[in-house]
Amino acid sequence: MSQPDSNLDLQEAENSLQSLSIAQEGDTPSLTINKQKVDILLKPTGNAPIMKKKKWTVDSDKPIGWIIEFMKKYLKIESQEKLFLYVNQTFAPSPDQTVRNLYDCYSTEGKLVLHYCKTHAWG
Amino acid sequence: MELGEWRQNVLLQLQNRNKRETQCYQDLITQHTKVFENANSLRHENLQLSIQNEKLKLEGGNGGKSSSALENRLNEEVQQLKQKLLVQAEELTDLHRRKGENSQQIIDLNIKLQERDSLIASKDNSLAECQSKILSLKAEIAMLTQANRELKHVNDTLRDEHSTLQLDFSMLEEKLRKTQRYFVFVFRLVYNYKIAWIDHKELKEELKQIRDQQSMFNEELLKLRGENEDNQEIKRENTEIKTELQEVRKTIEIIDKGRRKNNVVMNGLKFDNNEPAVLVEDVKAFLNQQLKVNVTPKTVTRIAERTWIIELQNEADKRKIMENGTKLKDMRGERVFINDDVTKQDREKQNEIRIFANQERQKGKEVKIGFNKDENRQLVERLIKYKAKDADRMNEENDNFLKKRYAKLQKDLEEACKDTKDLCSKDIQEGYGPLSQSTLPSRVHAKFDAHEGEVNAVKWSPLDRLVATGGADRKVKLWDISKGQSKTA
Amino acid sequence: MANDREILREVWEGKLPVCFKLDPDEVVELQQPDPFYLMVPRLSYFPLVTDKVRKHFIKYVSSDTQEHEMWLEYSAQPMKWHFPIGVLYDSMVDSDHEALPWVITVHFDKFPETQIYRFSNKETVESYFMACLKEADVLKHRGQIASNMQKKDHNQLWLGLQNDKFDQFWAVNRKLMEVSGENDYFKYIPFRCYIEDGYRQKLVKPVGDDGKRKTLNDLLNELFPDKDNVTAKIHGMIPPLETPLQWMSEHLSYPDNFLHLCIV
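Residues numbered from 1 in each chain as written. Chains lettered and ligands numbered in written order. Predicted model: local features only at pLDDT ≥ 70, side-chain atom pairs only at ≥ 80, totals over all residues.

Undergrad: Talk me through the interface of chain A and chain C; I want residue IDs and the actual numbers.
TA: With 17 residues of chain A at the interface, the matching set in chain C holds 18 residues. With three residues, helix α4 (residues 99-106) of chain A is the single largest residue contributor to the side of chain A that touches chain C. Here the side of chain A that touches chain C is composed, by residue class, of six nonpolar, nine polar and two charged. (Contact = placed C-beta atoms within 7 Å. Helix = DSSP H or I, 4+ residues; strand = E, 2+ residues; numbered from the N terminus. Nonpolar A, V, L, I, M, F, W, Y, C, P; charged D, E, K, R; others polar.)

Undergrad: Give a description of the confidence of the model for chain A that names residues and reports values.
TA: Per-residue pLDDT for chain A has a mean of 73; in total, 69% of the residues score no lower than 70. Counting interchain partners and residues more than four positions distant, the pLDDT-below-50 stretch residues 1-8 of chain A has 16 contacts. (pLDDT = per-residue confidence, 0-100.)

Undergrad: Please give an account of the pairing of strand β1 (residues 37-44) of chain A that cites residues and values.
TA: Two strands pair when backbone bridges link them, and β1 of chain A and strand β2 (residues 55-59) of chain A are joined in this way by five bridges, in the antiparallel orientation. Residue Ile40 of chain A lies in a different strand from β2 of chain A, and its bridge partner there is Trp56 of chain A. (Pairing = 2+ DSSP bridges.)

Undergrad: Describe the sheet that holds strand β2 (residues 36-41) of chain C, and please don't skip the residues or the numbers.
TA: All names here are of chain C. If you trace the five strands from one edge of the open sheet to the other, you get β2-β1-β5-β3-β4, paired in mixed fashion. Strands with a single pairing partner mark the edges of an open sheet, and in this sheet they are β2 and β4 (77-78). Bridge analysis of strand β1 (residues 15-22) against strand β5 (residues 102-107) gives five bridges, and the strand direction is parallel. In the sheet register, Val18 faces β5, and the bridge partner there is Trp102.

Undergrad: With reference to specific residues and values, describe the pairing of strand β5 (residues 455-460) of chain B.
TA: All names here are of chain B. Burial runs low along β5: only zero of the six residues are buried. Bridging between β5 and strand β6 (residues 466-471) involves five bridges; their strand directions are antiparallel. When the sheet's bridge partners are listed, Trp460 is paired in β6 with Val467. Here β5 hands over to β6 after five residues, the two strands then running antiparallel side by side. (Buried ≥ 20, exposed ≤ 12 C-beta atoms within 10 Å, placed from the backbone.)

Undergrad: Lay out the sheet that holds strand β4 (residues 111-117) of chain A in plain terms, naming residues and giving numbers.
TA: What holds strands together in a sheet is hydrogen bonding between their backbones, with the strands either parallel or antiparallel. Residues and elements named next belong to chain A. Across the sheet, four strands lie side by side as β2-β1-β4-β3; this open sheet has mixed pairing. Sheet topology places β2 and β3 (84-87) at the edges, where each strand pairs with a single neighbour. The mean inter-strand angle of the sheet, taken between neighbouring strand axes irrespective of direction, is 40°. Here six bridges tie β1 to β4, and the two strands are oriented parallel to one another. Bridge pairing in β4 links Asp39 to Lys111. (Axes fitted to C-alpha atoms, helices over the stretch in contact; angles between N-to-C directions.)

What follows is the structure, given as structure tokens:
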């Protein structure tokens, strides 16, 4: 798993976060239809802390690793700690897998549902 | 899933890839790894030795101060070790050189490989050309097969025609064969006819003989008939005599009956005096006393110890006695019976009546035998009827038997006549003669008095009209069938 | 069913000669270490075959970097360990102009965190491999077969790959390549198309709506509708465009059950 601990990388991640147009729930659909952005729904499993905001709109070119890092920062989890993401409650996508590929393959009703967990949940 | 050209393509590419990338390098790299490990181990050894050397040097330096002799020795040792080191270094350089050679070889091989690759590429090109050529050839083959197929078709039609022609031919041949067979048949017919002609002549002669025999038989038959008539006359006389005899018997019986008509037989009584006059008186008294019958017997005659025949005056007296006869029962503890004196035949008849009455009683009928003839008449009539039926049946059976015997005789005679007739008529009518006909023999053709004792074997000669016989008298005889005599013994 | 053993065998047999060289800047010894030659299976992963390489070079680097994770580099690009070796070679090396053996530089220092992920041990590689396998099964059978498999089947798959045992691996992998129920085809074809730096993945069915089976050409057209004459490379060869997708998935998939297609 990727563990970027250099300051430079953190900075970069935060920059990209700011650059994201984070869609609020019940936001205008024009943003979600955008070709470059996709909706993701983050659901906790097991002992994972709950996120206040579940639905996000993310740049489709971003890799899963980037989302994991973002979530760690959001949930204030130590970067050494592990955070696992699962698609379809079956498999963990590769950190270099792009959101776009996952959205193309596993989205339901226009949303990509990702379960997250602090321990191995499936498989 | 059907596999197409793409599968072949994929397989070829994979095989080429493995040849190019894997198989060329596999051995080379394993070889290299071996050499490499060798060099590594040697290097390691070298290192160890140099460390040892250093150690010894240090020891030598320390020892030099304490004693010069030791130093000298150490120096010598050092010298030796130096030499060893030198040898090792030489070895090492040698190994290095070899390694260099090996790498050079690898490079050379690589170059060669590349050359080979280019060669392979050119070969591939030529292969592709060849393949295109193959394709064109395949097309040609397809055309040729097409032509071949057409030719085959033509061939098929020709074959069909040929087969129809053959069929015609075979039909014609069949016809020819039929006519030939017919011809042979006709020829045989003619031939058979000739033979039949000869047979016919022989048969005529035989017929003549048979006719002679037949006339002989007829004569015999006539004779036998005459004898038969004589026999019948004798029979008639016989029956006449029999009837006369019966009449005589009847008259005798009647006379006997008349004589005994007034007699009575008394059993069981003993009289002391045997004088006829006294006896008559005694019997008269006895009858009067016991039976309350007043009769006077004519005579009393003793026939056994206690059996007496009493002759009465008339039939009325007898009747009186007989009717009261049953009163004699249980007199003086002794049994006295009075019976009718009858002829033997009458006694038999009475016995028969008694048996018959018993049978009737067993059947559940009420029958009483009395002296009264009226009472018995019915019973007697029934018996007579019964007997007459029996006699009728016997007569019928006898008649039937005679009739059958006569019919059989007649039939035998007729058959004997017919046999000769059949032989002459049929044999002449049919062309093939007796050869084609086989019938079971029903008459004796010839009779040979052959052997003393059993005849064990009889065999026909296949050639002549000869028969061989073998008997228990250990003789073999040959017989000429036509003559009926033995040739040799 | 994947029953063309001839093809499966040829795919499995593919090995590449590799020449490992330590980065000269990292050598602390006087003598430069000799290069290390190795035949590596195309279907395997680098962490599974480089134990010996590490052992060979570790003597020559400074003691403080000896504990570091070893990483590999080719033409100034760090190698992604989680890609099968064959995919790395097909996507990074221009095989028409570069001669074999494949020269790879070995590093112990300056791990490129931003470009590649760390792998602490072989278990990490295994869990990654298993995740790929499951994803492929989700695409093929809605994840029915892989999730119903026992732990020992997973182990057999992994050990078969690790120890280069064809029969051991295919005894289990056969089940994953079966088509479920009455269908003659997988639900979707699991594939990744490597282009430039990343890869593309999409839902592609092995049969069209008209019931006709799709080919590699259909897949490339669906993925790159605005591009013509796209050439895809897999296992060091270029499969014909008319090759059916179902057959390709059954016979040309890597052990993780994905078709890794490199666009050239």
